[in-house]
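Residue-level structure breakdown
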Amino acid sequence: MTATDALRTGFRMARRYSRIGAIETIWRTAYIILIVLFLAIAFTFLAKDVTLSNLQIQALRSRNPFWISLTLQHLLDEYGTEIRNLSLAVVAFSLALWWIFASLFRAGIFSLLARAFEAEKDTTPSGDWDQHLGSDVRRFFGRMGGLNALYLLFTCLVFILSIAVFEAAGQLGSLAGETLGPLVAMFCLVVGWTLLFLIWAILDLATDMGQIAITFEGRGLWDAIRRTAAVIQSRLGAVIGIGLAIFFLRLILMVIFGVVNMMTNFMFGRIWAPLVIPSTVLLWFVQSVLLYYLYIVNSAGYACLFESEEKTSTSPLPVPGKILYEH
């Protein structure tokens, strides 16, 4: 199966089984709302301990970038410990909540997608493709949790390496001198962060396809990782084609909604400024729904590669017949 055929199947599955995309939208939206609430609570606790003088308030309200940056630097020096502790608490809460939500809901989403593919294979439409959601979640939650934990671990390593690349680029730039220093630092940052982004993209791809191997084929954690590596190696062209197509579609959506958001903000800013925030939130939600729809399309397309690989590996090899010569 080519990348085009897989994408067609992905669009058909996402459109026909829209409940899967709805579940993806619900858990992602709920996760973002909880993070925003936790940030608001953390900011409230921080605001109680921070006292600003009249001079600092005037500097923050001014439009002078120098005074604003100087005031913020002074606040960071004075309340750096509190800000660092709250930031670590927010990050830890966000990662733990994402792990729980992703492991729980992805186990259900990919199991629903697997049963939807099974229903499509039958000649008569099946109405009970979503009747085993609870048992499937209990069955795959542990393996999904292990895979997502590995994803978080390697993502944190990539983030730490990106900080190391930033510091190394600054040191190399200082060693190169005032003339070539900025160019050397910029070159090191572009090359280093590009390589790290590619590593993270491969990690994200392997995680998504590993979830397919767990739910579609019922494999264990390490067996799913080996199976994912085998599929990527054997169908690399189709994997890249599906990924690039979905990436460009997401990019087009982001550009369109970005332009629409700028236009609505400009219009509502002239008419009535309080409408800017609700319109931005509404556009963000619609854009998120479409992006999550593309995620289901992407997952269904990759699942087609697993199915075609499985058919190829299980089909008997043709054995050449013997030719008998009679003399």
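In case you missed it, the structure is sitting above this.
Here the structure is a predicted model, which is why all the values come from computation and not from measurement.

1. What about the overall build of the protein?
Helices and strands together make up the secondary structure of the protein, namely nine helices and zero strands. For the protein, the N- to C-terminal ordering of α and β elements is α-α-α-α-α-α-α-α-α. Counting the 327 residues in the protein, one finds 35% classified as buried. A separation threshold of at least 6 residues defines the contact pool for the protein, and within that pool the share at least 24 residues apart is 79%.

2. Looking at the packing of helix α2 (residues 18–49) against helix α5 (residues 80–121)
Each pair of packed helices can be described by the angle between their axes along with the distance between the axes. Viewed as axis vectors pointing N to C, α2 and α5 meet at an angle of 170°, and their least axial separation amounts to 10 Å. Taken together, the axes of α2 and α5 lie roughly antiparallel to each other. Read as a crossing pair, α2 and α5 show a hand that is right-handed.

3. Let's talk about helix α6 (residues 133–217)
Structurally, the α-helix is built with 3.6 residues per turn, so residues lying three or four positions apart point the same way. When the terminal C-alpha atoms of α6 are compared, their 16 Å separation across 85 residues is substantially less than the 126 Å that a helix rising 1.5 Å per residue should span. The principal kink in α6, of about 150°, is found at glycine 177. Just downstream of α6 lies glycine 218, where phi reads positive at about 65°.

4. A short note on the pattern of salt bridges
On inspection of all chains with the given rule, the structure shows nine salt bridges. The partner of glutamate 24 in a salt bridge is arginine 28, with the nearest N and O atoms 2.8 Å apart. A residue pair is termed a helical-turn pair when its members lie 3 or 4 positions apart in one helix, as glutamate 24 and arginine 28 do in helix α2 at four residues. Looking at arginine 28, the relative accessible area reads 24%, which means it is partly exposed. Salt-bridge contacts for arginine 219 lead to aspartate 223; the nearest nitrogen and oxygen are separated by 3.1 Å. The class of arginine 219 is partly exposed, set by a relative accessible area of 24%. Judged by its relative accessible area of 29%, aspartate 223 is partly exposed. Three or more residues are tied together by salt bridges with common partners; here these are Glu217, Arg219, Asp223, Arg226 and Arg227.

5. Brief notes about the nonpolar core
Counting 58 residues, the largest nonpolar core has Phe117, Met209, Ile242 and Tyr302 as the members making the most contacts within it. Counting only elements with at least two residues in this core, the list comes to α1 (3–16), α2, α5, α6, α7 (221–234), α8 (236–271) and α9 (276–314). The biggest single contributor to this core is α5, with 13 residues. The next biggest cluster of nonpolar side chains, apart from the first, holds five residues, and it includes Val158, Val165, Ala169 and Leu196.

6. Examining the packing of aromatic side chains
We describe a pair of aromatic rings using the distance from one ring centre to the other and the angle between the two ring planes. Summed over all chains, the structure comprises 12 aromatic pairs. Plain terms: the ring middles of tryptophan 27 and phenylalanine 101 are 6.5 Å apart, the flat faces sit at 65° to each other, and that makes the pair edge-to-face. Of this pair, tryptophan 27 sits in helix α2 while phenylalanine 101 sits in helix α5, and the two are 74 residues apart along the sequence. For tryptophan 27, a relative accessible area of 1% translates into the label buried. Both rings, one in phenylalanine 247 and one in phenylalanine 248, keep their centres 5.6 Å apart while their planes meet at 65°; by these two values the pair is edge-to-face. On the accessibility criterion, phenylalanine 248 (46% relative accessible area) is partly exposed. Through a chain of ring-to-ring contacts, three or more aromatic side chains come together here, namely Trp27, Tyr31, Phe101 and Phe105. Stacked on the ring of tyrosine 295, the Lys or Arg arginine 28 has its end atom at 5.6 Å from the ring centre.

7. Structural notes on the side chain of serine 162
Structurally, serine 162 is set in helix α6. You can call serine 162 buried: its relative accessible area is 18%. A polar side-chain atom of serine 162 sits 2.4 Å from the main-chain carbonyl oxygen of phenylalanine 159. Look past the residues within four positions of serine 162 in its chain and what remains in contact with it is Trp193 and Leu196.

Rules used in this analysis
- Residues numbered from 1 in each chain as written.
- Predicted model: local features only at pLDDT ≥ 70, side-chain atom pairs only at ≥ 80, totals over all residues.
- Heavy atoms only, no water.
- Helix = DSSP H or I, 4+ residues; strand = E, 2+ residues; numbered from the N terminus.
- Buried < 20%, exposed > 50% of the residue type's maximum accessible area, 1.4 Å probe, protein only.
- Contact = heavy atoms within 4.5 Å.
- Axes fitted to C-alpha atoms, helices over the stretch in contact; angles between N-to-C directions.
- Parallel < 35°, antiparallel > 145°, perpendicular 65-115°, else oblique.
- Left-handed = near helix turned anticlockwise from the far one by under 90°.
- Expected span 1.5 Å × (residues − 1).
- Bend = angle between axes of the 7 residues up to and from the residue.
- Salt bridge = Lys/Arg side-chain N within 4 Å of Asp/Glu carboxyl O.
- Core = buried A, V, L, I, M, F, W, Y, C linked by side-chain atoms within 4.5 Å.
- Phe/Tyr/Trp six-rings, centres within 6.5 Å; stacked < 30°, edge-to-face > 60°.
- Lys NZ or Arg CZ within 6 Å of the ring centre and 35° of its normal.
- Polar contact = N/O pair within 3.5 Å; in protein donor to acceptor, adjacent residues only side chain to side chain.

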